[in-house]
Amino acid sequence: MYKHIYFTGFMASGKSRVGRHVAERLKRPFIDTDFLIAEQANKSISEIFEQDGEAAFRKMELEVIEKLATDPEPKVISLGGGALTQASVVKAIRQSGVLIRLWAEPEVLSERISRKNNRPLMAGLDDTQRLEKVKTLLVEREVYYSKADFSVESSNEYPEEHVTERVVRLLHFWEDHVLNVETSSGDRYPIFIGNHLLSRMGILLEGLQLMPSHDFLICTDNAVAKAQSQAISQLRNQSSQSLVFKFRSGEINKNFNSLNQLYTFMLRRHFSRKTCLLQFGGGVVGDMAGFGAATYQRGIPFIQLPTTLLSMVDSSVGGKVAVNHIEGKNMIGAFYQPKAVICDISVLSTLPHQEFLAGLAEIIKYGVIYDAAFFDFIENHVESILNKDPEILKQLIKRSCEIKAEVVGIDEKETGLRAILNYGHTFGHAIEKLTNYQKFSHGIAVSLGMRVAGRVATLLNLWTSQDEERQNNLLNRFGFPTSFNVSAEEAWKAMSIDKKVDKNNRNYILPHKIGFVEKHSNIDEQIINNAWDSIRAKEEL
Ligand SMILES: NC(=O)c1ccc[n+]([C@@H]2O[C@H](COP(=O)([O-])OP(=O)(O)OC[C@H]3O[C@@H](n4cnc5c(N)ncnc54)[C@H](O)[C@@H]3O)[C@@H](O)[C@H]2O)c1
């Protein structure tokens with residue numbers, strides 16, 4: 001997924017030396033932007049600063065980087081120390097490659113700087129002053145270096161070949177990087193989709209600077225632990241033989257009682273704030289352990305390792321974490337973003353077919369709410385999807401994550417656009433509630449909810465009956481249920497405790513055509529009742 005490889009880091013962190021080694025290993029040209037700028041200006045960087053000023057230098061730097069970014073030949077590029085202070089530089093880099101930060105302890109950097117004594121910023125300083133200056137500058141620049149996609153330590157302990165090897169292994173993992181989620185509050189995290197990622201994810205934990213500084217705890221459920229025991233031992237191997245906590249599986253257990261068991265498990269074993277939770281499970285584990293991460297000792301990092309199709313395309317992305325309350329689903333929760341999402345398609349091999357369908361419902365939803373071309377794609381690949389063709393699955397998951405990430409990026413906290421993701425959910429949640437979360441999994445309930453919402457849209461002439469039929473036909477081709485019996489009163493009551501339905505102003509996400517939905521409110525109760533009829537009648541015929 002990357003094109004150029006950019007290196008950033010403090011002076012003497014090894015950007016140029018390691019950069020050259022990496023370039024040699026990957027048989028790519030190596031470029032040092034400071035060198036290129038000096039060459040083009042025909043004077044040294046110090047001379048440019050002295051004669052033309054820093055602003056002129058930054059302008060040249062931006063021009064050089066923007067030009068390199070659009071160069072089709074993949075390169076390894078070492079950046080100057082202050083390059084990331086310019087937002088336009090960061091943008092150009094993010095659009096054109098992967099950004100690696102090399103780091104070392106201040107003492108190591110200071111000692112390396114002293115060897116050559118050719119850094120203007122450090123001129124004339126004794127050892128103590130230099131170390132202090134390095135520490136101060138590192139703190140100041142952290143905000144820029146933290147923009148890197150991943151970090152690699154380049155301490156004196158490790159020879160350059162070793163550092164190069166780690167960078168290359170990380171880049172290998174990065175080949176399965178498909179996108180970054182960027183939230184409106186400034187959080188940013190990568191999503192990976194690929195095969196057998198779990199067996200080599202230790203390198204990513206290092207690259208995200210979670211290993212070796214953090215302890216890990218794998219959170220899963222008893223069914224996943226049984227079906228994916230091999231994957232769990234791989235995960236343990238990759239995360240310092242971490243302990244495993246198992247929830248009891250199922251929506252019925254997504255509650256405070258289960259969460260409290262996790263807290264107790266962690267507290268009794270003295271897990272500190274330097275713990276990272278690895279959520280290995282479906283949406284239930286992800287939501288519950290995610291809320292656990294958000295609240296344990298006021299918040300610890302976590303990584304989503306979804307094991308159901310639904311959690312890959314939906315619940316792992318967006319940062320909503322929650323548990324159910326007896327009064328309603330997901331009523332107690334938070335917005336809390338993971339450090340990364342890793343979708344290892346190979347774990348889907350043990351997923352029961354009904355659960356696979358549940359994920360497909362959300363995927364079809366994305367087509368209906370946002371992307372008519374994606375809906376066409378699904379229509380054209382029904383067989384391959386049912387045969388779990390890995391390439392098609394990867395495309396489905398990727399596009400779904402992109403859509404969710406785009407929507408969440410615009411509206412992280414569901415004040416506007418994000419509500420469109422709830423298409424089918426108002427009715428679906430009512431169905432789940434009415435069946436005590438036992439009869440249908442979440443996604444299947446949503447598929448029924450989409451049928452009801454689709455009918456409301458037809459009754460209101462928002463879309464055509466042909467559109468409704470097209471949506472329902474696609475659901476039928478995958479074998480989704482077509483009916484559910486509920487009385488109007490029961491349905492109305494169940495919907496009224498859904499938090500997506502404002503008590504005094506009921507909102508519904510309704511389609512206007514395939515690929516476009518809008519929020520509607522104050523819809524006549526009779527129309528809603530008639531729409532429920534559309535899935536009730538079939539069973540009674
Ligand atoms: N946070 C969000 O934004 C968001 C979005 C959508 C849904 N959700 C939540 O997600 C939950 C539903 O998630 P789900 O559908 O993944 O359900 P789930 O987590 O209950 O998983 C479904 C079942 O499949 C089993 N399972 C999971 N992976 C398996 C595998 N690889 N092999 C064998 N068995 C496996 C589980 O043990 C469980 O029994 C709901 O609680 C819903 O509220 C949250």
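Predicted model, so just to flag it, every value in this text is computed and none were measured.

1. Brief notes about the overall build of the protein
Turning to step 1, where the next piece is worked out: Looking only at helices and strands, one finds 23 helices and 16 strands in the protein.
Turning to step 2, where the next piece is worked out: For 541 residues, the compact-globule estimate of 2.2 N^0.38 gives 24 Å, and the C-alpha radius of gyration of the protein, at 26 Å, lies within 12% of that figure.
Turning to step 3, where the next piece is worked out: With the C-alpha coordinates aligned to their principal axes, the bounding extent of the protein is approximately 90 × 50 × 45 Å.
Turning to step 4, where the next piece is worked out: By the burial criterion, 47% of the 541 residues in the protein qualify as buried.
Turning to step 5, where the next piece is worked out: For the protein, restricting intrachain contacts to residue pairs at least 6 apart in sequence, the fraction spanning at least 24 positions comes to 76%.

2. What about the domain arrangement of the protein?
Turning to step 1, where the next piece is worked out: Assigned domains within the protein: domain 1 (4-175), domain 2 (179-351) and domain 3 (372-540).
Turning to step 2, where the next piece is worked out: Each of domain 2 and domain 3 was reduced to a C-alpha centroid, and the two centroids are 26 Å apart.
Turning to step 3, where the next piece is worked out: With 27 residues of domain 2 in contact, the opposing surface of domain 3 contributes 27 residues.
Turning to step 4, where the next piece is worked out: Residue assignment for the side of domain 2 that touches domain 3 shows that the elements contributing at least two residues are strand E6 (177-182), strand E7 (188-194), helix H14 (309-315) and strand E13 (328-335).

3. Quick word on the packing of helix H6 (residues 106-116) against helix H7 (residues 127-145)
Turning to step 1, where the next piece is worked out: Closest axis-to-axis distance for the H6/H7 pair is 9 Å, and the angle between their directions is 125 degrees. Considered as vectors, H6 and H7 are oriented oblique to each other. With respect to the hand of their crossing, H6 and H7 are arranged in right-handed fashion. Touching Pro106, Glu107, Leu109, Ser110, Ile113 and Ser114 of H6 are Asp127, Arg130, Leu131, Val134, Lys135 and Leu138, all from H7.

4. What about the sheet that holds strand E3 (residues 76-78)?
Turning to step 1, where the next piece is worked out: Here 5 strands make up an open sheet; going across it, the order is E2-E3-E1-E4-E5 and the pairing parallel. Two strands lie at the open edges of the sheet, namely strand E2 (30-32) and strand E5 (150-153), each paired on one side alone. Between one strand and the next, the sheet's axes are offset by a mean angle of 25 degrees, whatever the strand orientation.
Turning to step 2, where the next piece is worked out: Looking at chain direction, strand E1 (residues 4-9) and strand E4 (residues 97-103) are connected through 6 bridges and run parallel. Opposite Tyr6, over in E4, you have Leu99 as the bridge partner.

5. Observations concerning the sheet that holds strand E14 (residues 340-344)
Turning to step 1, where the next piece is worked out: Taken in spatial order, the 7 strands make up an open sheet running E6-E7-E14-E11-E10-E8-E9, and their pairing is mixed. Two strands in the sheet have a free side with no partner beyond their single neighbour: E6 and strand E9 (243-247). On average, each strand axis in the sheet is inclined to that of its neighbour by 20 degrees, with strand direction left out of account.
Turning to step 2, where the next piece is worked out: Where E6 lies against E7, 5 bridges are found, and the strand directions are antiparallel. When the bridges of E7 are listed, Glu182 appears paired with Arg188.

6. Observations regarding the site of the ligand
Turning to step 1, where the next piece is worked out: The immediate surroundings of the ligand are formed by 32 residues, with Ala223, Gly282, Gly283, Thr308 and Ser315 found nearest.
Turning to step 2, where the next piece is worked out: There are two domains that each give the shell around the ligand at least three residues, and those are domain 2 (179-351) and domain 3 (372-540).

7. Focus on the pairing of E13
Turning to step 1, where the next piece is worked out: Bridging between strand E12 (residues 320-325) and E13 involves 5 bridges; their strand directions are antiparallel. Its bridge partner being in E13, Val323 is matched across the sheet by Ile332.
Turning to step 2, where the next piece is worked out: Remark: 2 residues form the turn of the hairpin made by E12 and E13, two consecutive strands paired antiparallel.

8. Concerning the environment of Glu142
Turning to step 1, where the next piece is worked out: Examined against the element boundaries, Glu142 turns out to sit in helix H7.
Turning to step 2, where the next piece is worked out: A residue is classified by how many C-beta atoms lie within 10 Å of it, and Glu142, with 11 of them, is exposed.
Turning to step 3, where the next piece is worked out: As a C-alpha pair, Glu142 and Phe427 span 285 residues in sequence and 47 Å in three-dimensional space.

9. Comments concerning the nonpolar core
Turning to step 1, where the next piece is worked out: Formed by 153 residues in total, the largest nonpolar core has its most connected members in Ile100, Cys219, Leu277, Leu278, Ile342, Tyr423 and Ala453.
Turning to step 2, where the next piece is worked out: With 10 residues, the top contributor of residues to this core is helix H15 (residues 353-370).
Turning to step 3, where the next piece is worked out: Residues in contact with Tyr423, not counting those within four places in the same chain, are Lys365, Val368, Ile369, Met450, Ala453, Ile509 and Val517.

Definitions and limits used
- Positions within a chain are numbered from 1, following the residues in the order the chain's sequence is written.
- In keeping with the model being predicted, local features are shown solely for residues with a pLDDT of at least 70 and side-chain atom pairs are shown and tallied solely at 80 or more, while totals for entire chains, interfaces and linings include all residues.
- Going along the chain from the N terminus, every DSSP run of H or I of four or more residues is numbered as a helix, and every run of E of two or more is numbered as a strand.
- Atoms considered for the radius of gyration are the C-alpha atoms alone. The globule rule reads 2.2 Å times the number of residues to the power 0.38.
- Three exposure classes are used, based on other C-beta atoms lying within 10 Å of a residue's own C-beta, which is placed from the backbone: buried for 20 or more, exposed for 12 or fewer, and partly exposed in between.
- In this description, a residue-residue contact is defined by the distance between C-beta atoms placed from the backbone, which must lie within 7 Å.
- An automatic or database domain assignment is the source of the domain bounds shown.
- For helices, the fitted axis covers only the stretch in contact; all axes are lines through C-alpha atoms, and the angles between them, taken along N-to-C directions, range from 0 to 180 degrees.
- An angle below 35 degrees is treated as roughly parallel, one above 145 as roughly antiparallel, one from 65 to 115 as roughly perpendicular, and anything else as oblique.
- Should the near helix be turned anticlockwise from the far one by less than a right angle, the crossing is termed left-handed; should it be turned clockwise, right-handed.
- Note: two strands are recorded as paired if DSSP finds a minimum of 2 bridges between them.
- The C-beta atom of each residue is placed using the backbone, and any residue whose C-beta lies within 6 Å of a molecule or strand is treated as near it.
- Nonpolar cores are identified as sets of buried Ala, Val, Leu, Ile, Met, Phe, Trp, Tyr and Cys residues joined via C-beta atoms within 7 Å.

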